[in-house]
Structure formats: structure tokens, C-alpha cells
Amino acid sequence: MLEVACGDGANLIPMAYAIPTSEFVGFDLAESPIERGQERIRELGLGNVRLFQGDLMELGAGLGRFDYVVAHGFYAWVPEPVRNRLLALLDEWLTDDGIAFISYNSLPGAYMRTMMREMMRFRTQGMEDLNERVAEGFKFLNFLVEERSAGDAYRTLVEAHLRKMEARHPAVTCHDEMSDAYEPVYFSDFADHARQHGLQYLSEAELPPPPDPSYRAEIQSALKEASGDDLVRKEQMLDFLRMRAYRETLLCRADRQVERGFPVDVFRRLQFASQTTAAPGEGPGATAFVLPGGIRMESNHPGVIALLTQLGEAWPASLGFEELAPLLAGTGLTLNAEGATLLVRLAVAKMIELRAWRAPVSRTVTERPRASAVCRQEARTEANVTSLLHKVVNLGDTRVRGLLGLLDGTRDRKELLVAMKREFAETTPGELEAGLEPGLRRVHAMGILEA
């Protein structure tokens, strides 16, 4: 895998640690982030990831060929010659069946972001410090909101977007709103640009969520009439309906045949996981399944109940369908066309995750728990760490961060408590003892403990 504009390797390093049989390469124009990433790699002793300082405009085929190329937060924030060079290089870098991930701000939704950006940049002209510009820009936008009457349409639009911006890390606003280059595009124009460089649209990186208009039969019928079999035209019309402002698009070579839909056999190559917990349902024979964020689904289908129960008990580990088949025997859930459709619906509803690999997570909290060395390294300076499931999770409580640093696989419960008492002398021994098992269960559920 290759990552363009990889920063300090925060995306690549956890993958290289969790997938030691794969190779990872990243480059960035900025020197200091690369140096930070290289230091992390040395400390972790990783030999399958390489970061270097480099300019996209000066690189070529000599870098090698890659199964995956990622350019996140890049395409819409660079001048046109750089965008052209990126797509041209994909032809040299991608293997025959390689996939490129390109994220970008899309129209029409990004018009709102453009307006906010232009107002902030106008107000902060002449200011040098980026953090100061962000703070002053927010102050100015809040002033605009306060001077409009309640219920005013302009105030509602600006305020809704402003609150989202304020909730982000300031560095994101520095990159997205304060950069000199910013070129959001219509999806259809992006797809056409890709075609000019021998690439075609494969899909988005994530399935649309349940409320998406693409799942409504009457909309599908109208889109079919308006766009026929032109997938790009259909997606663009959906973006008008969605007021979509951002895309994470997957591209592949234009000469590859793409099969749309989900053939049944695909599921035999996938792993299934679910973080749901089961509870009594309200309907007759129904069981309710609840995700940590509160999303709830009830079902009285024996196969769905058996599937989600088994996956919930196995979390954060995943199970292949061959492992699940004996547990689903007699429930009516089999790998036929109907079963595959049901699995896709569960994935769309976020009740199950589909994974292409088996993450090296521990299935239980062992006698001497060992946390990912990447997580222990990150927890020294950050509240957010990257799990073995490659998800950014917030540790929150400083005691959980302290506990994580002790989970190197050498300590049992008694030794962990002794070490915790030394590190958190201000906390009573009773509190530490009472919190140990919940803390261990929490980091286990996050996918931080290694098998």
C-alpha cells in the first residue's frame, strides 16, 4: 500500500504493525512529520513500512507498484497540475487489480463550505498564525450568526455548519478552510477526470447509511428513467438529492471488468463482526440488538438472532461464514441469494461489519493482557489511539491511558494493581481495584488487546 501525503504515518504505521505480511510506503512534502513517523517506526521495530520526504511532481514509476494507493484530503486542496499528476501516476503505480482511494469535497454540498471558507479567509487577511486565524474566523462567523434573527434561513445554515467546524480539531480547519488551494468538484467531473487517465469508478469506500435516498424504490425508478445504465450520471443525480459535500471514492483501472452487486460466493471470503448486545425485544419472540451508539434493531428471525448473538459474544474478533454455518444450522440463514441480501441489509444498518481480514485481536481478556504496542506508544501523548481494528478510539479517562501503558503482557491482575497504585497514588486502592476489570473490558472491546 502507498499513501500520498501521509503526514507522520498515523494511518500507515498501525496497519504495518497489525498486518506484518504486507508492505507499506508513504511520502509527504513536509519534512518534520516524516521525521516523527520515522522515529515511531524505529521505536516499534517495524521493517515493513517506509516513510520518506518527497514531491509528487518529481516521483514516477520507480516507486514500485501497489495493490492500494491512498490520497486522503489531498485532491481538492492542491492546484490542477498536481491533481493531474496524481491521477497520471496511478496508471504507473497500481497493479492490474489495484484500487485507489481518493477523498475530496464534492458539489453541490461543498458550496456551503466554500462560502464559510471565503468569509473566514476574508476576515483573517494579513494574519500569519494559522491557529489565530481559525479562532478569529470562528469569532467572525459567530458574530454573523448572532446578528441574524432567530429562525432566519441564512442564520440556520451558517450556524449548523459552524457548530460542526467548531467540534473538529483546529488542525482540520487549518487544512480544509485556510489552505490556499481549494477545488471541490462534482462527482461526474471527478469521474471524467479519472477516465482521462485510464481509471474508472468502482464504488464509494463505505455503504450509504439507511436513510440514503438510493434505497427508496420510487427514487430508484425515477433515476433509472433519467439516467438509464449510466452509473456516474445516476450517482451525480443522487448527490443533488443528498446535497452531498464529501466523497471517499474508489477507482480501478478502466480495462478491468467490474461486477456490480454482491455475488453470494463473496461472503465465503469475508469475515463478520458485530458489537451489538442482545436484550429482550418488545414483539413476540423478538430479540433487540443494540449498538454502543444507541442504534437498535429488533428481529424475530431465528437466523438473524443466532448470527448477531454469536458475533456479539465474539467481539472484537470476527468469524468466517464457515465458522458460523454450524451455529446457524436450522435457523433459515444460509448462503443463498436471500441470505446474501439479508447480510447486506444488516451491513447497511451497521448491525454487522464485513471485514476482508482477521484482525489480530484477543478474544478474551487474558491473565496477562497485552495491548498493541502502537496503542501504548500513542497513549503516551494522545487521548486518541488506533486500535488493531484500525479505528481511532478515545481513551478518555487518564487512568485508562495509564492502564494501557502497563499492558505489555508481563503483568497479571495483582501486578497491574501494584503498578496502578504507584502511578495513581491520589486514587484510593479501592477505586483502582473496582475499576481494573471494567477498564480491561473496555480496552478489549475497543480492539486494543492482542491475541
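See the structure shown above.
Residues numbered from 1 in each chain as written. Predicted model: local features only at pLDDT ≥ 70, side-chain atom pairs only at ≥ 80, totals over all residues. Heavy atoms only, no water.

Caption draft 1: Focus on the packing of aromatic side chains. Scanning the entire structure with this criterion turns up twelve aromatic pairs. When the centroid spacing of 6.0 Å and the interplanar angle of 45° are considered together, the rings of Trp77 and Tyr182 count as tilted. Within this pair, whereas Trp77 is found in the loop between strand S4 (66-71) and helix H3 (80-93), its partner Tyr182 is found in the loop between helix H7 (170-176) and strand S6 (185-186), the two being separated by 105 residues in sequence. Taking the relative accessible area as the measure of exposure, Trp77 reaches 9% and is therefore buried. By relative accessible area, which is 9% here, Tyr182 ends up buried. Centre to centre, the rings of Tyr186 and Phe240 are 6.1 Å apart; their planes meet at 75°, and the pair counts as edge-to-face. Remark: Phe240 occurs in helix H10 (residues 231-242) and Tyr186 occurs in strand S6; sequence separation between them is 54 residues. You can call Tyr186 partly exposed: its relative accessible area is 23%. Take Phe240: its relative accessible area is 47%, and that puts it in the partly exposed class. Three or more aromatic residues link up through ring pairs in this structure, and these residues are Phe27, Phe52 and Trp93. (Phe/Tyr/Trp six-rings, centres within 6.5 Å; stacked < 30°, edge-to-face > 60°. Helix = DSSP H or I, 4+ residues; strand = E, 2+ residues; numbered from the N terminus. Buried < 20%, exposed > 50% of the residue type's maximum accessible area, 1.4 Å probe, protein only.)

Caption draft 2: Highlighting the sheet that holds strand S13 (residues 319-320). The antiparallel open sheet is built from three strands, whose spatial order is S13-S9-S14. The open sheet terminates on both sides in strands that have one partner only, identified here as S13 and strand S14 (353-355). Pairing geometry for strand S9 (residues 271-273) and S14, over three bridges, is antiparallel. Bridge assignment links Ala273 to a residue of S14, and that residue is Glu353. (Pairing = 2+ DSSP bridges.)

Caption draft 3: Focus on the pairing of strand S10 (residues 277-280). Sheet topology places S10 next to strand S11 (residues 287-290); four bridges connect them, and they run antiparallel. Looking at S11, one finds that Ala278 is bridged to Phe289. Hairpin connection between S10 and S11: a loop of six residues separates the two successive antiparallel strands, and Gly285 in this loop has a positive phi of roughly 70°.

Caption draft 4: Fine view of the nonpolar core. Judged by nonpolar contacts, the single largest core of 38 residues is most densely connected at Val4, Phe27, Leu56, Trp93 and Ile102. Contributing elements (two or more residues each) for this core: strand S1 (2-4), strand S2 (24-28), S4, H3, strand S5 (94-107), helix H8 (187-196) and strand S7 (199-204). By residue number, the principal contributor to this core is H3, which donates six residues. Residues within four places of Ile102 in sequence aside, it is in contact with Ala71, Tyr75, Leu86, Leu90, Phe190, Arg247, Glu248, Thr249 and Leu251. (Core = buried A, V, L, I, M, F, W, Y, C linked by side-chain atoms within 4.5 Å. Contact = heavy atoms within 4.5 Å.)

Caption draft 5: Layout of the packing of H8 against H10. Remark: H8 packs on H10, axes separated minimally by 8 Å, with the N-to-C direction vectors making an angle of 150°. Relative to H10, the element H8 is oriented roughly antiparallel. Taken together, the residues of H10 that come into contact with H8 (itself represented by Phe187, Ser188, Ala191 and Arg195) are Val232, Glu235, Gln236 and Asp239. Counted by class, the contact of H8 with H10 contains three nonpolar, two polar and three charged residues. (Axes fitted to C-alpha atoms, helices over the stretch in contact; angles between N-to-C directions. Parallel < 35°, antiparallel > 145°, perpendicular 65-115°, else oblique. Nonpolar A, V, L, I, M, F, W, Y, C, P; charged D, E, K, R; others polar.)

Caption draft 6: Spatial organisation of the pairing of S5. Here S5 lies mainly inside the structure; eleven of its 14 residues are buried. With H3 bridging S4 and its parallel neighbour S5, the resulting β-α-β unit is right-handed. Relative to strand S8 (residues 246-253), S5 runs antiparallel, the two sharing six bridges. Across the sheet, residue Tyr104 finds its bridge partner in S8, namely Arg247. Alignment of S5 against S6, held across two bridges, turns out to be parallel. Looking at the pairing, Ser106 lines up with Val185 of S6. (Right-handed = clockwise from strand over helix to strand, strands pointing away.)

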